[in-house]
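Notes for the structure review
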Amino acid sequence: MSNYQEIVNLNIGGTRFATSWHTLTWVPDTFFTALLSGRIPTVRDETGAIFIDRDPNLFGLILNFLRTRDIDLNNVNIRALRHECDYFGITPLSRRLALCDEMNHSSCGDVLFYGYLPPPLNTSLPNSRNGNSVSRKNSTASTSDVAANRTHSRNSSLDLRTVGRIPSQDQLSRCGRGHSRAASLGNTDSHKGLRPPEVTTWQENMKVQIIKAHHNWIAVAYTHFVTGYRLTDSCGWYVIFQSPVQDSVIERIALNAKTGGGATSGGTSSSGTDVMLGIASGPLVRLWAFSTHTEPVRRTLIGTFNLGVRVEHLLFVGPQLVALSGAGSRSKAGVWHTSTQHWQTQDVAHLTTYDTAGSFLLLGTATGAINYIDMQKFPLRMKDNDLLVTQLYKDPNQEPITAISVYLTPKTNLCGNWIEIAYGTRYGSVRVIVQHPETVGHGPQLFQTFTVHQSPITKVSLSENYLISVCSEYNHVRSWRVTRFRGMISTQPGTTPKAAFKVLALEAPTAQPHNDCGPYGEQDEEQIFIQKVVPDTDTLYVRLASDGKRVCTIRSVDGSAVSCFVVAECEGALRPRRLLLCGHRSGAAQMWDLTAPIDRAARPAPAAAGTAAPAAEGDESPAADGGPTADELVRLLSACDLDAAPHSPHSPPRPAQP
């Protein structure tokens, strides 16, 4: 065929089109130029029309553009149309659609975007294969006990706009960094299989593994080191310290920062230790203290402690560092107390879950017992090297306890009275036990039991207004509204069902501790879930824990996948803010201020005149703006290998009631 006016008959997905040779080929180097020149083999239907197995509706839009060089995008899925344009190689239209798509997305984020912390540039990383360090700038970082001088990295500074954009891949070529390794990472997608092993190692090591926050501090953990940031009103977020590079992989971290006291107007402490950082690798725990009132920042290694088994949880209860391991009959608890400077371990058989309340550490076990350790009295009650783990309550059916939540009523005192505990079991039961003034001396009493779940309970939260439980069936959530009288949970009119929904998350089990869906938030405020549907995604859905309503949708400003996240209340700003802190595979950390959208979502909508009455108790009408829509879910799952995704565990058979 050489006549440009010759008619070409097409069968696109069962729909017939007729157009001219010239219309299909005026854009050079496309699918159609290759097809009509014979470089691509053709398949014809019974009428002789060329068959192409694509969407006929989207092809009709593309064909109209080829005819008129114009297009109407009303009620058009731009993403899907752009995908078809890329398939057919219609570059002029694809570029227009890309610009339209980017009009709704900015590297500066939307109104909720709060800040961006770039990955470190000059950290040496251990290489287990040859013993050499892999450095991003071929330099070796100092590992002395005195940390390097503080380098400011405010959100508006220039280095955040250049160095901080490393994860966006295609922008690396425009950063002007010469021939550094960072610049060579910009074309990783086009050179797969050709990258040197040390580059792949560097990329994996520089992924943010864990992110933690306390007061106005953030600790960002990579594979072999931790970087600490602090927020002040005058300087914003800036780097304060960096831990020594660890030979072993960091698996858990804990952060404890001081506030008030000797703080000056500039946000620095006049004396003492500002922050303590615990790092766990296998059974070993290392604890550092950082004093930021001196220049340079002084780092002190308090000690290296051995729990004896792999540390599964690392946390601070007040100033005490606690390490827990739930290794069946070999479960252990380790405590370092700041007053005695003493590390102490004890066997806590069959440890399964924990929660904290004031100075108390409550431990749930597989035997159905709830134990506690009083950290405040710990240094005064040491007996035969015993942590004095005391049993508080025993489940009536001895069901293994898999989740626990403690609510201290406003009148709770340090003696442990006026306490309420909700816990979940392996067999799907949710129970509430209480210890009010009238029950003093008898221990907690069983108050209420719910048996609505058919799978093991993974999370439970008892707050001022709601009781929320999550089971292992794709994070199925049930919520109840709690009635209180003078601050105490009441039976009149009692706990009433609120909502049922799922927070689907197809996350690998090894990554779940650092991608915890929640619920997050203080017990006297509205709590939220953070939904990360698939492992490699740049999108998170923020939802109210009480009814599943979507608060907002968070998307990475540079397109890099979220590797971990946490929600924390930051107290270093002019007013407290609830921040979503996201660590990314690129090594950067991004922050989002959720304060305003949570307040708006939790505020009841005003009832307009003539509208229907509020839903009655037990009416469950899932909100259309809850989790991802069907289209959003399909788009997310298209990039996920469902065969490799974890399956929802089945509930074990419920034992017969006695």
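Residues numbered from 1 in each chain as written. Predicted model: local features only at pLDDT ≥ 70, side-chain atom pairs only at ≥ 80, totals over all residues. Heavy atoms only, no water.

Per an unreviewed UniProt entry, the chain carries the name BTB domain-containing protein and comes from Euphydryas editha. The UniProt entry for the chain carries this comment under Sequence similarities (unreviewed entry): "Belongs to the KCTD3 family." (UniProt positions renumbered as here; feature names shortened; annotations may be inferred.)

Points about the overall build of the chain
In terms of helices and strands, the chain carries ten helices and 38 strands. Out of the 658 residues in the chain, the part that is buried amounts to 49%. Looking at the chain as shown, the accessible area adds up to about 30900 Å², and 50% of this sits on carbon and sulfur atoms. (Helix = DSSP H or I, 4+ residues; strand = E, 2+ residues; numbered from the N terminus. Buried < 20%, exposed > 50% of the residue type's maximum accessible area, 1.4 Å probe, protein only. Areas by Shrake-Rupley, 256 points an atom, 1.4 Å probe, with all protein chains shown as cover.)

A look at the pattern of salt bridges
In the structure shown here, the tally under the stated rule is 13 salt bridges. Between Glu46 and Arg16 there is a salt bridge; the shortest N-O distance is 3.5 Å. Taken as a pair, Glu46 in the loop between α2 (31-36) and β3 (50-52) and Arg16 in strand β2 (residues 15-20) lie far apart in primary sequence, 30 residues in all. A relative accessible area of 71% places Glu46 in the exposed class. Given a relative accessible area of 44%, Arg16 falls into the partly exposed group. A salt bridge links Glu251 to Arg310; the nearest nitrogen and oxygen atoms lie 2.3 Å apart. One end of the pair, Glu251, is in the loop between β10 (236-242) and β11 (252-257); the other, Arg310, is in the loop between β14 (298-306) and β15 (313-317), and 59 residues separate them in sequence. You can call Glu251 partly exposed: its relative accessible area is 22%. For Arg310, a relative accessible area of 48% puts it in the partly exposed group. The network of salt bridges with shared partners includes Arg16, Asp45 and Glu46. (Salt bridge = Lys/Arg side-chain N within 4 Å of Asp/Glu carboxyl O.)

Structural notes on the pairing of strand β37 (residues 577-584)
Successive residues of a regular strand alternate their side chains across the two faces of the sheet. Burial within β37 is extensive, with seven of its eight residues counted as buried. Where strand β36 (residues 562-570) meets β37, eight bridges bridge the pair, whose relative direction is antiparallel. Following the sheet pairing, Val567 is matched in β37 by Leu580. Relative to strand β38 (residues 589-593), β37 is paired through five bridges, and the arrangement is antiparallel. Considered in β38, the bridge of Leu581 is made with Met591. (Pairing = 2+ DSSP bridges.)

Here we look at the packing of aromatic side chains
On inspection of all chains with the given rule, the structure shows 18 aromatic pairs. Members of the aromatic cluster, joined through ring pairs, are Phe17, Phe31, Phe32, Phe59, Tyr87 and Phe88. The positively charged end of Arg54 is found above the aromatic ring belonging to Tyr87, 3.7 Å away from the centroid. In this structure, Arg69 is placed above the aromatic ring of Trp26, and the distance from its NZ or CZ to the ring centre is 3.8 Å. (Phe/Tyr/Trp six-rings, centres within 6.5 Å; stacked < 30°, edge-to-face > 60°. Lys NZ or Arg CZ within 6 Å of the ring centre and 35° of its normal.)

Comments concerning the pairing of strand β25 (residues 430-435)
In terms of residue burial, β25 counts as a mostly covered element, since six of its six residues are buried. Here β25 shows two buried faces, one formed by Val430, Val432 and Val434 and the other by Arg431, Ile433 and Gln435. With six bridges connecting them, strand β24 (residues 419-425) and β25 associate as antiparallel partners. Note that in β25 the partner of Ile419 across the bridge is Gln435.

With respect to the nonpolar core
Counting residues in hydrophobic clusters, the biggest one holds 45 residues, and the most contacted among them are Trp237 and Leu580. If you tally residues by element for this core, the top one is β36, at seven residues. (Core = buried A, V, L, I, M, F, W, Y, C linked by side-chain atoms within 4.5 Å.)

Describing the confidence of the model for the chain
With 72% of its residues at a pLDDT of 70 or more, the chain has an overall mean of 77. Predicted confidence for residues 128-196 stays below pLDDT 50, and this span has 126 contacts to residues more than four positions away or in other chains. Here residues 611-624 is a poorly scored stretch, pLDDT under 50, and it has five contacts once near neighbours within four places are set aside; other chains count. (pLDDT = per-residue confidence, 0-100. Contact = heavy atoms within 4.5 Å.)

Observations concerning the side chain of Asp558
Within the secondary structure, Asp558 sits in the loop between β35 (550-555) and β36. In this structure the side chain of Asp558 is engaged in a polar contact, spanning 2.7 Å, whose partner is the side chain of Ser556. Among the polar contacts listed, one links the side chain of Asp558 to the side chain of Ser560, at a separation of 2.6 Å. (Polar contact = N/O pair within 3.5 Å; in protein donor to acceptor, adjacent residues only side chain to side chain.)

A short note on the side chain of Thr223
Among the structural elements, Thr223 can be located in the loop between β8 (217-221) and β9 (226-232). Residue class for Thr223 comes out buried when judged on its relative accessible area of 6%. Those residues in contact with Thr223, other than ones at most four positions away along the chain, are Glu204, Asn205, Lys207, Gln209, Ser248, Val249 and Ile250.

Examining unusual backbone geometry
Residue Pro519 follows Gly518 across a cis peptide bond; omega there is 10°. Within the fold, Pro519 resides in the loop between β32 (496-502) and β33 (528-531). Phi is positive for His350, close to 60°, though the residue is something other than glycine. Secondary-structure assignment places His350 in the loop between β18 (342-347) and β19 (351-357). Of the residues examined, His350 reaches a relative accessible area of 31% and is grouped as partly exposed.

Notes on the packing of helix α3 (residues 56-68) against helix α4 (residues 78-88)
At a minimum axis distance of 10 Å, the contact between α3 and α4 shows a crossing angle of 70°. Of the possible angle classes, the one that applies to α3 and α4 is roughly perpendicular. In this structure, the crossing between α3 and α4 has a hand that is right-handed. Contact residues: Leu58, Phe59, Leu61 and Ile62 in α3; Ala80, Leu81, Glu84, Cys85 and Phe88 in α4. Tallied by class, residues from the contact of α3 with α4 come to eight nonpolar, no polar and one charged. (Axes fitted to C-alpha atoms, helices over the stretch in contact; angles between N-to-C directions. Parallel < 35°, antiparallel > 145°, perpendicular 65-115°, else oblique. Left-handed = near helix turned anticlockwise from the far one by under 90°. Nonpolar A, V, L, I, M, F, W, Y, C, P; charged D, E, K, R; others polar.)

Re a negative patch on the surface
On the surface, a cluster of negative charge is contributed by Glu464, Glu522, Asp524 and Glu571. The residue Glu464 is located in the loop between β27 (457-462) and β28 (466-471) in this model. (Patch = residues over 30% accessible without salt bridge, like charges linked within 9 Å, V, L, I, M, F, W, Y side chains within 5 Å. Lys, Arg positive; Asp, Glu negative; His and termini not counted. Charge placed at Lys NZ, Arg CZ, Asp CG, Glu CD.)

Observations regarding helix α9 (residues 595-602)
Buried residues of α9: Thr595, Pro597, Ile598 and Ala601, and no others. Those residues of α9 that are buried lie in contact with β33, β34 (539-544), β35, β37 and β38.

Here's the deal with the sheet that holds β38
An order of β4-β38-β37-β36 is seen for the four strands of this open sheet, with the pairing classed as antiparallel. At either end of the open sheet lies a strand with only one pairing partner, and these are β4 (113-117) and β36. Each strand axis lies, on average, 20° off the axis of its neighbour in the sheet, ignoring direction.

A few points about the sheet that holds β10
An order of β7-β8-β9-β10 is seen for the four strands of this open sheet, with the pairing classed as antiparallel. Edge strands, defined here as strands with exactly one partner in the open sheet, are β7 (210-214) and β10. Adjacent strand axes in the sheet meet at a mean angle of 25° when their direction is disregarded. Here β7 runs beside β8; their pairing, made up of five bridges, is antiparallel. When the sheet's bridge partners are listed, Lys212 is paired in β8 with Ala219.

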